[in-house]
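Residue-level structure breakdown
Below, each chain spelled out in residue letters.
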Amino acid sequence: MIETDKRIVFLGDSITEGYGVSPSECWVAAMPGDTVNHGISGDTTVGMLRRFSPHVIREHPDYVVIMGGIN
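Anyway, here's the lowdown on the structure attached to this text.

Quick notes on the rules
- Residues numbered from 1 in each chain as written.
- Predicted model: local features only at pLDDT ≥ 70, side-chain atom pairs only at ≥ 80, totals over all residues.
- Heavy atoms only, no water.
- Phe/Tyr/Trp six-rings, centres within 6.5 Å; stacked < 30°, edge-to-face > 60°.
- Helix = DSSP H or I, 4+ residues; strand = E, 2+ residues; numbered from the N terminus.
- Buried < 20%, exposed > 50% of the residue type's maximum accessible area, 1.4 Å probe, protein only.
- Contact = heavy atoms within 4.5 Å.

Quick word on the packing of aromatic side chains
Under the counting rule described, the total for this entry stands at one aromatic pair. Taken together, a centroid distance of 5.4 Å and an interplanar angle of 90° make the contact between F10 and W27 edge-to-face. Here W27 lies in the loop between α1 (14–17) and β2 (34–39) and F10 lies in strand β1 (residues 7–12), a separation of 17 residues in the sequence. What makes F10 buried here is its relative accessible area of 2%. In this structure W27 comes out as partly exposed when scored by relative accessible area, which is 31%.

Description of unusual backbone geometry
Leave glycine aside and you will find that most residues have negative phi; peptide bonds, for their part, are mostly trans. Phi at H60 takes a positive value of approximately 50°, unusual for a residue other than glycine. Given a relative accessible area of 66%, H60 falls into the exposed group.

What about the environment of P61?
Note on placement: P61 falls in the loop between α2 (45–55) and β3 (63–67). Taking relative accessible area as the criterion, P61 reaches 25% and is therefore assigned partly exposed. Note: C-alpha distance between P61 and R7 (54 residues apart in sequence) is 5.0 Å. Those residues in contact with P61 that lie beyond four places of it in its chain are R7, V9 and V56.

Distances and angles like these do not, on their own, reveal function.
Structure follows, in structure tokens:
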């Protein structure tokens, strides 16, 4: 179980971003803890690798969830 005081960064494509729904309706928003959603529609695993340092490392997360290759 993830403690609610933990920072969680989500990196992925449109599924992570919550394409078609508002940010508050996205599944990431329903997760416990201090969540940061770095999902980008149409992104690829190569794009996620390029974004890992600026979008994940800079956030100093306790946990990282990567959803790559879903599309």
